[in-house]
Structure formats: C-alpha cells, structure tokens
Amino acid sequence: MPADIIVGGAVGEQQRAGEGQAGVTDRIVAFLRGIGLVVTEGRVPDDCFLSGVRIHRGTLVFDRQRLQWPGDLLHEAGHIALTPAALRAALSDALDAQHEPAHGAKPKRPPGRTRPA
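Since the model is a prediction, treat every value here as computed from it, not as a measurement.

Colleague: Outline helix α2 (residues 71-81), listing residues and values.
Modeller: Each α-helix turn comprises 3.6 residues. Residues three or four places apart therefore point the same way. Within α2 the residues assigned to the buried category are Asp-72, Leu-73, Glu-76, Ala-77 and Ile-80. The arc that holds every buried residue of α2, seen down its axis, measures 135°, which confines them to one face. Elements in contact with the buried residues of α2: α1 (21-34), β2 (53-56) and β3 (59-62).

Structure (structure tokens):
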C-alpha cells in the first residue's frame with residue numbers, strides 16, 4: 001500500500017497538489033475499505049457528534065455535502081477498528097463508555113466466574 005494514501009502533516013499540507021477535499025475524502029474512504037471497514041455514503045442526522053459522519057450498526061456512514069473535515073472519518077473509523085469484528089454491528093451513533101472496553105483492557109468475566117470455562 002502506498003504511503004501517500006495516509007493523510008498526514010500540518011493543516012494545509014495533507015492534500016496533494018491540486019487535490020480538493022473530495023479527493024482527500026476519496027483517499028480516506030479507499031484506505032478504510034482497504035483495511036476491511038464498511039463505509040457508505042448516505043443521509044446523516046443533524047445531531048451527530050461530528051458533522052456529516054456517523055456510525056450505524058458498525059458501518060461508517062458519511063454525507064459528503066455535510067462532512068466538514070475528511071479526517072473525521074478516520075476518527076470515527078478508529079472506534080470501529082478497535083472493536084472486535086463480532087461486536088461491530090452493535091455500534092451505532094453515540095458510543096457510550098459502557099459499550100466500549102478501555103483501549104488495551106482485557107474483557108471482563110461474567111459475575112460469579114473466576115476461571116475460564
């Protein structure tokens with residue numbers, strides 16, 4: 001995978017010469033799909049945490065017309081990527097701390113169990 005697919009650098013330096021926001025968005029979407037995340041364009045409610053992007057049933061949904069910062073796709077994709085694939089379908093909209101394990105934390109055992117089955 002080419003290193004230039006990753007958007008980085010200081011504000012204003014993350015675009016290739018002559019590339020607009022749409023081109024950056026397309027590169028980010030291609031990258032996310034390339035690592036196995038499901039990304040679709042669609043309608044996004046006005047009350048989402050980040051304008052123009054949401055997580056719905058484990059899918060990253062974005063509204064190209066309302067997306068203010070293409071990098072917001074990477075932020076939201078991080079929530080999906082850090083969730084085990086079997087649990088991603090349960091991710092939607094506001095991600096409460098109670099639904100996300102602490103990064104790097106081991107899963108908790110059910111009450112009353114002291115040893116693995």
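Moving on from the coordinates now.
Colleague: Give me the lowdown on the pattern of salt bridges, citing residues and values where you can.
Modeller: Counted under the stated rule, the structure contains four salt bridges. The salt bridge partner of Asp-46 is Arg-66, with a shortest N-O separation of 3.1 Å. One end of the pair, Asp-46, is in the loop between β1 (39-41) and β2; the other, Arg-66, is in the loop between β3 and α2, and 20 residues separate them in sequence. Here the salt bridges do not stand alone but share partners, grouping Asp-26, Glu-41 and Arg-64 into one network.

Colleague: Describe the nonpolar core, listing the residues and the values that go with them.
Modeller: Counting residues in each nonpolar core, the largest one holds 17 residues, and the members touching the most others are Leu-32, Val-39, Val-53, Leu-60, Phe-62, Leu-73 and Ile-80. Secondary-structure elements contributing two or more residues to this core are α1, β2, β3 and α2. Here this core takes five residues from α1, the largest share from any one element. With residues up to four places along the chain from it excluded, the contact list for Val-53 reads Val-44, Cys-48, Leu-60, Val-61, Phe-62, Leu-67, Asp-72, Leu-73 and Glu-76.

Colleague: Describe the environment of Gln-65, listing the residues and the values that go with them.
Modeller: Structurally, the position occupied by Gln-65 is in the loop between β3 and α2. A relative accessible area of 72% means that Gln-65 is categorised as exposed. Distance from Gln-65 to Gly-52, taken between C-alpha atoms, is 7.5 Å for residues 13 residues apart in sequence.

Reading the values: rules and limits
- Residues numbered from 1 in each chain as written.
- Predicted model: local features only at pLDDT ≥ 70, side-chain atom pairs only at ≥ 80, totals over all residues.
- Heavy atoms only, no water.
- Buried < 20%, exposed > 50% of the residue type's maximum accessible area, 1.4 Å probe, protein only.
- Helix = DSSP H or I, 4+ residues; strand = E, 2+ residues; numbered from the N terminus.
- Arc of directions from axis to C-beta.
- Contact = heavy atoms within 4.5 Å.
- Salt bridge = Lys/Arg side-chain N within 4 Å of Asp/Glu carboxyl O.
- Core = buried A, V, L, I, M, F, W, Y, C linked by side-chain atoms within 4.5 Å.

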